[in-house]
Amino acid sequence: MKTIRTVLAMICLAFAAPLFAQEETTAVGTLDVDLAKAIEIALAENPTIRVADKDIELKKVADTEAWQNLLPTISASLGLNHSIQVAAIKTEMGEFKMGKDGTTTATGALTATLPIFAPAVYANMKLTKEDIKLAQEKARGSRLDLINQVTKAYYAALLSKDSYEVMKKNYDLTKENFDVVNNKFQVGSVSEYDKISADVQMRSMKSSVVSAEAGMNLALLQLKVLMGITENVDINITDKLKNYENDLTLVDANNAILDIENNSALRQLDYNTSLLKHTRSILKTNFMPTVAVQGTYQYQSYSNKDWNIFGYKYNPSSSLVVSVSIPIFTASNFTKMKSNKIQLSEMEDTRTNTVNQLKMAVESYRRNMASTIAQVESNKEAVVQADKAVSISSKRYEVGRGTILELNQSETALTQAELTYNQSIYDYLTNKADLDYTLGKETYLK
């Protein structure tokens, strides 16, 4: 019984920690779900997915902003300049004032600027497109991570539900045995020790049923949180772990499906490396000239003695300027290039380490799956044998050939065998879910 209680305690603790803050609510409906339905609802309702999608939209806006830098910019300006005392130029020929004291100059200008050759803009346009791909991959990674969490939470709910049913069934069995022993005790055919032992066995199993029910409720609540549905909606799972027994298959280490190149973390590293390369291209533009053309059309009126701008006499003027900016020397440009080179080297080492870790994880999941397949076969046979042992010990006790201790031990062994059988299937399924996540499989992605 100690082993059984340990298993139930672990199930309860696995879900209790993040859920203590939840408040009790009254259920207003029941939703039938299977694994596919749970994942579908989670992808539609979980807020982390919506955040990832909005980040993609932000990157697309940044991409639009990047190419808009090639469009002309147009600006207008209006100015009034009142000269209290104008400057004067003194030469050998005399003093010449640059205007008249106490006069006002009015100016209105319209300026249009168009970049002709802007290498930094071209490079930035390529970078923003790569940034969109990175955001899309992050969104994909968020979806895969959510699918992994929901899948494992669903299997955990199945495990807790099946464990509860095992406990309930075995409690009913111990209760029946207690009734038999109690009837025998009433007529004096068995000792009081047998009655007490049967009573203790029944009450102990009752305690296990209560723990199993609490674990089941916590597991279902955890699944609902991941699905993004409200607490006052109950979910009903008609599935069972044993339904997956025929889906347990060995995974060949040399199979092409174990390719890790579709792993989201690895793909994000590749996109980040690509971003660093585009950043290097942008840094190189600091050594390149830029060419722009600027046209200005303006009206101006000089040396007006009053503030009546509508009475001024204005004269138009226009100009066209082609400017070439050539960088000669900026020390920080060389430092930035060196820093970018180091970052690229770091990214390469990070990718190598990530690949090694992913390969190790894939091999670990594959071996665990192979191990649990062997355990399932053995545990299934153990359940059959334990069930047979309970039947034999029960008959032996009825005819007076067996002891209450044998009967209690056989019932405990059956409970343990059934729990272990369910646990082995659960272990396979969770390892399979982690393997699919590591490989970046998009089974439930549209």
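That block above? That's the structure.
Below is a summary of the structure that appears in this document. Fair warning: this is a prediction, and the values are worked out from it, not measured in the lab.

**Thoughts on the overall build of the protein chain**
Counting its regular elements, the protein chain contains eight helices and eight strands. Computed over C-alpha atoms, the radius of gyration of the protein chain comes to 39 Å, more than 25% over the 22 Å expected from 2.2 N^0.38 for 446 residues, which places it beyond the range of a compact globule. Oriented by its inertia axes, the alpha-carbon framework of the protein chain measures out at about 145 × 55 × 35 Å. With 446 residues in all, the protein chain has 39% of them scored as buried.

**As for the packing of helix H4 (residues 119-186) against helix H7 (residues 331-398)**
Each pair of packed helices can be summarised by the angle the axes make with each other and by the distance between the axes. Their axes nearest at 12 Å, the elements H4 and H7 cross at an angle of 10°. Judged by the inter-axis angle, H4 sits roughly parallel to H7. Here Leu173, Asn177, Val181 and Lys184 of H4 lie close against H7, whose contacting residues are Val390, Ser394, Tyr397 and Glu398. Taken together, the residues that form the contact of H4 with H7 break down as four nonpolar, two polar and two charged.

**A word on the environment of Arg351**
Mapped onto the elements, Arg351 comes out in helix H7. Once you skip the residues sitting within four places of it in the chain, Arg351 turns out to touch Glu261, Leu266, Leu269 and Asp270.

**Quick look at the side chain of Lys161**
Relative to the helices and strands, Lys161 resides in helix H4. Of the polar contacts made by the side chain of Lys161, one reaches the backbone oxygen of Ile237; its length is 3.4 Å.

**A short note on the environment of Ala52**
Note that Ala52 resides in helix H3 (residues 47-68). When the C-alpha positions of Ala52 and Tyr428 are compared, they lie 31 Å apart, and in sequence the two are 376 residues distant.

**Some words on the pattern of salt bridges**
Counting across every chain of the model gives 21 salt bridges. Here Lys169 and Glu418 are joined by a salt bridge, their closest N and O atoms 2.3 Å apart. Note that Lys169 is positioned in helix H4 and Glu418 in helix H8 (residues 404-439), a separation of 249 residues in sequence. Relative accessible area serves as the criterion here: at 43%, Lys169 is assigned to the partly exposed category. Of the residues examined, Glu418 reaches a relative accessible area of 9% and is grouped as buried. Here Arg366 ties to Glu363 by a salt bridge, and the two come within 2.9 Å at their closest N and O atoms. One end of the pair, Arg366, and the other, Glu363, are both in helix H7, three residues apart, so they sit about a helical turn from each other. Given the relative accessible area of 24%, Glu363 is considered partly exposed. A cluster of three or more residues bridged by salt bridges with shared partners is formed by Glu137, Arg140, Arg267 and Glu442.

**Structural notes on the pairing of strand E7 (residues 290-304)**
Where strand E5 (residues 103-117) lies against E7, 12 bridges are found, and the strand directions are antiparallel. Within E7, the position partnered with Ala109 by the bridge is Gln298. Pairing of E7 with strand E8 (residues 315-325), which is carried by 11 bridges, proceeds in the antiparallel orientation. Residue Val291 lies in a different strand from E8, and its bridge partner there is Val324.

**Focus: the sheet that holds E5**
On the basis of which strands lie adjacent, the open sheet formed by four strands has the order E2-E5-E7-E8 and antiparallel pairing. Every other strand in the sheet has two partners, leaving strand E2 (73-83) and E8 as the edge strands with one partner each. For this sheet, the mean angle separating the axes of adjacent strands, direction not counted, is 20°.

**Topic: the side chain of Asn379**
With respect to the secondary-structure elements, Asn379 resides in helix H7. Side chain to side chain, Asn379 and Ser424 meet in a polar contact 3.3 Å long. Leave out the neighbours within four places in its chain, and Asn379 touches Ala417, Thr420, Tyr421 and Ser424.

**Thoughts on the packing of H3 against H4**
With their axes 9 Å apart at the nearest point, H3 and H4 run at an angle of 175° to one another. The orientation of H3 with respect to H4, classified from their angle, is roughly antiparallel. Residues of the contact of H3 with H4, tallied by class, amount to 12 nonpolar, four polar and eight charged.

**Regarding the nonpolar core**
Residues Val150, Tyr154, Tyr155, Leu223 and Ile237 are the most contacted members of the largest nonpolar core, which totals 68 residues. Among the secondary structure elements, those contributing two or more residues to this core are helix H2 (35-45), H4, helix H5 (192-227), H7 and H8. Ignoring any residue separated from it by four or fewer positions in sequence, one finds Leu223 in contact with Val150, Ala153, Tyr154, Ile235 and Ile237.

**Let's talk about a nonpolar patch on the surface**
A cluster of nonpolar residues, Leu114, Ile116, Phe117, Tyr122, Phe287, Met288, Val322, Val324, Ile326, Ile328, Phe329 and Phe334, forms a patch on the protein surface that exposes about 1,200 Å² of accessible area. Topologically, Met288 is positioned in the loop between helix H6 (264-284) and E7. Classification of Met288 as partly exposed rests on a relative accessible area of 33%.

Reading guide: rules and limits
Residues numbered from 1 in each chain as written. Predicted model: local features only at pLDDT ≥ 70, side-chain atom pairs only at ≥ 80, totals over all residues. Heavy atoms only, no water. Helix = DSSP H or I, 4+ residues; strand = E, 2+ residues; numbered from the N terminus. Rg over C-alpha atoms; globule rule 2.2 N^0.38 Å. Buried < 20%, exposed > 50% of the residue type's maximum accessible area, 1.4 Å probe, protein only. Axes fitted to C-alpha atoms, helices over the stretch in contact; angles between N-to-C directions. Parallel < 35°, antiparallel > 145°, perpendicular 65-115°, else oblique. Contact = heavy atoms within 4.5 Å. Nonpolar A, V, L, I, M, F, W, Y, C, P; charged D, E, K, R; others polar. Polar contact = N/O pair within 3.5 Å; in protein donor to acceptor, adjacent residues only side chain to side chain. Salt bridge = Lys/Arg side-chain N within 4 Å of Asp/Glu carboxyl O. Pairing = 2+ DSSP bridges. Core = buried A, V, L, I, M, F, W, Y, C linked by side-chain atoms within 4.5 Å. Patch = residues over 30% accessible without salt bridge, like charges linked within 9 Å, V, L, I, M, F, W, Y side chains within 5 Å. Areas by Shrake-Rupley, 256 points an atom, 1.4 Å probe, with all protein chains shown as cover.

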